[in-house]
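Coordinate inspection notes
Residues per chain, in single letters:
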Amino acid sequence: MSLLQISEPGMSTAPHEERLAIGIDLGTTNSLVATVRNGAPEVLKDHEGRKLLPSVVRYLDNGEIVVGEDAKLKISEDPLNTISSVKRLMGRSAEEIKEEGTYVSYDISDADGMIKLKTTAGEKSPVEVSADILKNLKARAEEALGGELVGAVVTVPAYFDDAQRQATKDAAKLAGLNVLRLLSEPTAAALAYGLDKGSEGLYVVFDLGGGTFDVSILRLTKGVFEVLATGGNSQLGGDDFDQRIFCWILEQAGLSLLNKSDSRLLLSKAKASKEHLTESQRAVIHATLSDGKIVNLTITREIFSAITAQLVSKCIDTTKNTLKDAGLKRHDIKGVVLVGGSTRMPNIREAVEDFFDQPPLTDIDPDEVVAVGASMQANLLAGNHAAGEDWLLLDVTPLSLGIETMGGLVEKVIPRNTAIPVAMAQDFTTFKDGQTAMSIHVVQGERDMVEDCRSLAKFTLRGIPPMVAGAARIRVTFQVDADGLLSVSARENTTGVEASVTVKPSYGLSDEEITRMLKESHGKAAEDMKQRELREQKVEADRLLESTASALRTDSDLLNDEERAQIDTLIDKLIQAKEQDVTENIKKAIEALSKGTESFAARRMNRTILAALQGKSVYEV
Ligand code: ADP
Ligand code: MG
């Protein structure tokens, strides 16, 4: 039992009828925690009065763990044990990280496929590192609120896949938090605005953080938030703007090769000048390098805008594409919500305003808006909402989900951009006579062929009663819960046998991969269609060959030698056509074999009817 706490009269931190719940923005660069107190959202501060907690964790060999600003200060001094941007590694294998080109400056091991960071305090998984950040925020909240928390809402990027969401949930559990739900960052931002201002319509959430850019399109209607589309670039953020200033400094000061500590020094000066330029027209960059050389430069807003113009247009181009993806025009958008520290930059604000032809919403601090929205959702889920206040949150699936059918084709069960939570079912059947098991292969992606999609899980449904091919009805149900986790079940109708799987793929997809998969599917639609037709004909050929063979096994006595030889020739021709991979020829050979076996089929039918009638009077039939 926890001890009762007594506070001075009038100083009570929270009315005790309120159940304490928090919202956490677990960011790549910075994290925050907020709560709703006496009906108003509030970002919680640390002892020094700081709201932002740098998402940096330093491990010491005595077991001590330092999180936040103090850890950030040691990045250059102790780079191997000071972990930053761990969010990029969540739910990822070493191989995937390499493929994505994510820069990792730590010693890593990937013994069982899962990535681990080698520190002086032992190997740490990204989940453990994130849990240490979350523990820090949890402690901050408990101290500020003076009580035990009932739970937390933790935000994740809208494009996070199952593996990344699961990893985030695991981190929160490891930190001792009761996760009320995961919430998409843009949805959280919209919540913060939607409820405060009661605005309705189509909104864009433009989130430019330290190392990532995310753009989402949301529809807000009475009490319902729906993510229509997401896009972005996981390698574009405030850090790139710092990098541009850094390069400008090198050029202006005539510097070329720098040692690590000088690079770090100038990079931090670059960042500081960038942030200064948000408030002022010019910033002074002054630094003394290790060889005594002094750098003394002044950068103006004009110069900064010129050297970063390309980055700004990259953001706008991505926004354009996302709108196109959702089938919208820029003038359909009623408002633009700015999220992330980098949207403080005046050149970003101007570009957004120019593009959408309206000033973006900035009433809520762009650093805090996600945490604020999360805290409002947490407050509601904890049961603190006022009477009549009742809302629903919807997100979407970033890629289509489906299963593999014969011939390596994909049948989509849940199309991409479907609002979640969702459950959808589709019926499938057996391919062979007497087939008693069915293998279910769950895939994710937009393409028609299984090998072009991503495999999520495989499982087998057994105990299907033997029937002729095509007679069984197997219902496959896909369910995506509010956190974006997928479970798939298959059920055979007559016996009720069932098998299911919850998909927690060990690793996920980056938004780049999602974008790449989408692009490929657009460019290859015609090719996919041809491939699909060919495969469908081949499946049809196999089905016909299989049923003909089975008929010949049981009833070949109905044929004379000549008829039998004719059918055998047609079978051989179909097999040959199949091997040539020409759709038209397979189609023709199928037709020929079907026609060539027509009278055989009729005779078999008679035999079956006669057998059924045996010993029965006409009246019984
Ligand atoms: P993340 O969502 O990735 O955790 P944040 O939203 O906290 O990141 O944004 C961090 C970025 O915002 C950094 O690149 C930082 O330099 C930038 N930033 C913060 N304040 C300002 C400012 N006043 N002007 C320009 N950039 C800023
Ligand atoms: Mg953020």
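Residues numbered from 1 in each chain as written. Chains lettered and ligands numbered in written order. Predicted model: local features only at pLDDT ≥ 70, side-chain atom pairs only at ≥ 80, totals over all residues. Heavy atoms only, no water.

**Examining the overall build of the protein chain**
Note the cut-off: Runs of E in the DSSP output that reach at least two residues are strands. Runs of H or I that reach at least four are helices, and both are numbered from the N terminus. Between buried and exposed lies partly exposed: a residue is buried under 20% and exposed over 50% of the maximum accessible area for its type, with that area taken using a 1.4 Å probe on protein chains only. Throughout, a contact is declared for two residues whenever any of their heavy atoms are within 4.5 Å. The accessible surface values rely on the Shrake-Rupley method and a 1.4 Å probe; as for residues, cover is taken only from the protein chains in view.
Secondary structure assignment for the protein chain yields 15 helices and 28 strands. Here the protein chain, with 621 residues, has 49% of them falling under the buried criterion. Sequence separation of 24 or more characterises 66% of the internal contacts of the protein chain that already satisfy a separation of 6 or more. Carbon together with sulfur atoms contributes 50% to the accessible area of the protein chain, which is approximately 29700 Å² in total.

**A word on the site of ligand 1**
Threshold: In these notes, residues near a molecule or strand are those with any non-hydrogen atom within 4 Å of it. Definition of a polar contact: a pair of N or O atoms within 3.5 Å, with one able to donate and the other able to accept a hydrogen when the atoms are protein atoms, and with sequence-neighbouring residues admitted only if both atoms are side-chain atoms. In the cavity and pocket records, a cavity denotes points on a 1 Å grid over the protein atoms alone where a 1.4 Å probe fits but cannot get out, a pocket denotes an open set with protein on both sides within 12 Å along at least 5 of 7 lines, and lining residues are residues with an atom within 4 Å of a point. Those molecules having more than half of their atoms within 2 Å of a cavity or pocket grid point set are described as sitting in that cavity or pocket. Note on residue classes: Ala, Val, Leu, Ile, Met, Phe, Trp, Tyr, Cys and Pro are nonpolar, Asp, Glu, Lys and Arg are charged, and everything else, Gly too, is polar.
Around ligand 1, the structure places 16 residues, and the nearest of them are Thr29, Asn30, Lys274, Glu275 and Thr278. The contact in question runs from an oxygen atom of ligand 1 to an N or O atom on the backbone of Thr29, over 2.8 Å. At 2.7 Å from a nitrogen atom of ligand 1 is found a side-chain nitrogen or oxygen belonging to Thr278. For ligand 1, whose free accessible area comes to 580 Å², the fraction covered by protein is 88%. Mapping ligand 1 onto the cavity grids shows that it belongs to the second largest pocket. At four residues, the largest contribution of residues to the shell around ligand 1 is made by helix H7 (residues 260-279). Residue classes in the shell around ligand 1 are distributed as one nonpolar, 11 polar and four charged.

**Quick notes on the layout of surface pockets**
For the record, the criterion: Grid points are joined across faces, edges and corners, and a volume is the space filled by probe spheres set on the points.
Roughly 1600 Å³ of internal volume is contained in the largest pocket. Contributing to the lining of the largest pocket are 36 residues, with Ile75, Ser84, Asp239, Arg264 and Leu267 lying nearest its centre. Elements supplying a minimum of two residues to the lining of the largest pocket: helix H1 (69-72), strand S7 (82-84), helix H6 (238-253) and H7. For the lining of the largest pocket, the element with the most residues is H7, which contributes six residues.

**Re the sheet that holds strand S6 (residues 65-67)**
Operational definition: DSSP-based pairing: two strands are paired if at least 2 bridges between them are found. Axis angles are defined between N-to-C directions and span 0 to 180 degrees, where every axis is a line fitted to C-alpha atoms and, for a helix, only to the segment in contact.
With respect to topology, three strands assemble into an open sheet ordered S6-S5-S7, the strand pairing being antiparallel. Every interior strand has two partners, whereas the edge strands, S6 and S7, have only one. In this sheet, adjacent strand axes meet at a mean angle of 20 degrees when their direction is disregarded. As defined by bridge partners, strand S5 (residues 56-59) adjoins S7 across three bridges and the pair is classed as antiparallel. Considered in S7, the bridge of Val56 is made with Ser84. Those strands touched by helix H3 (residues 126-145) are S5, S6 and S7, and its axis lies near 105 degrees from that of S5.

**Here we look at the packing of aromatic side chains**
Keep this limit in mind: Ring geometry is summarised as follows: Phe, Tyr and Trp rings, the Trp one being its six-membered ring, pair when their centres sit within 6.5 Å, and such pairs are stacked at plane angles under 30 degrees, edge-to-face over 60 and tilted between the two.
Taken as a whole and assessed by the stated rule, the structure comprises four aromatic pairs. A ring pair is formed by Phe241 and Phe304, whose centres lie 6.3 Å apart and whose planes are at 45 degrees; its orientation type is tilted. Taken together, the residues span a long stretch of sequence, with Phe241 in helix H6 and Phe304 in helix H8 (residues 301-325) at a distance of 63 residues. By the burial criterion, Phe241 is buried, and Phe304 matches it. Their ring planes at 80 degrees and their centres at 4.8 Å tell us that Phe355 and Phe356 sit as a pair that is edge-to-face.

**Description of the pattern of salt bridges**
For clarity, the threshold we go by: When a carboxyl oxygen of Asp or Glu lies within 4 Å of a side-chain nitrogen of Lys or Arg, that pair is called a salt bridge.
All told, the structure shown has 26 salt bridges when counted by the stated rule. Asp242 is the partner of Lys274 in a salt bridge, and the nearest nitrogen-oxygen pair spans 2.9 Å. A residue pair is termed long-range when its members are at least 10 positions apart, and Lys274 in helix H7 and Asp242 in helix H6 qualify at 32 residues. A single burial state applies to Lys274 and to Asp242, both of which are buried. Of the charged contacts, one joins Arg447 and Asp452 as a salt bridge, the two residues approaching to 3.1 Å between their closest N and O atoms.

**Quick word on the side chain of Arg58**
Mapped onto the fold, Arg58 is located in strand S5. Its relative accessible area of 15% is what places Arg58 among the buried residues. In this structure the side chain of Arg58 is engaged in a polar contact, spanning 2.9 Å, whose partner is the side chain of Asp78. Look past the residues within four positions of Arg58 in its chain and what remains in contact with it is Glu64, Ile65, Val66, Ala71, Lys74, Asp78, Asn81 and Thr82.

**Some words on the packing of H3 against helix H4 (residues 162-174)**
Inclusion rule: Throughout, the term roughly parallel applies to angles under 35 degrees, roughly antiparallel to angles over 145, roughly perpendicular to angles from 65 to 115, and oblique to all others. We call a crossing left-handed when the near helix sits turned anticlockwise from the far one by less than a right angle, and right-handed when that turn is clockwise.
The N-to-C vectors of H3 and H4 enclose an angle of 50 degrees; their axes lie 8 Å apart at closest approach. It follows that H3 is oblique to H4 by the angle criterion. Crossing handedness for the pair H3 and H4: right-handed. Taken together, the residues of H4 that come into contact with H3 (itself represented by Val127, Glu128, Ser130, Ala131, Leu134 and Lys135) are Ala167, Asp170, Ala171, Ala172 and Leu174.

**With respect to the sheet that holds strand S8 (residues 108-109)**
Spatially, the three strands line up as an open sheet ordered S8-S9-S10, and their pairing is antiparallel. Every other strand in the sheet has two partners, leaving S8 and strand S10 (122-124) as the edge strands with one partner each. As paired strands, strand S9 (residues 116-119) and S10 are joined by three bridges and run antiparallel to one another. What sits directly across from Thr119, in S10, is Gly122.

**Considerations on the nonpolar core**
Let me state the cut-off plainly: In plain words, nonpolar cores are sets of buried Ala, Val, Leu, Ile, Met, Phe, Trp, Tyr and Cys residues tied together by side-chain atoms within 4.5 Å.
By size, the foremost hydrophobic cluster in this structure holds 43 residues, and its most contacted members are Phe206, Ile249, Ile333 and Ile348. By residue number, the principal contributor to this core is H6, which donates seven residues. When neighbours within four sequence positions are excluded, Phe206 is seen to be in contact with Phe213, Asp214, Cys315, Thr319, Val336, Val337, Leu338, Val339, Thr343, Ile348 and Val352. Core analysis: the second largest hydrophobic core is formed by 39 residues, Ile24, Val33, Tyr106 and Ala131 among them.

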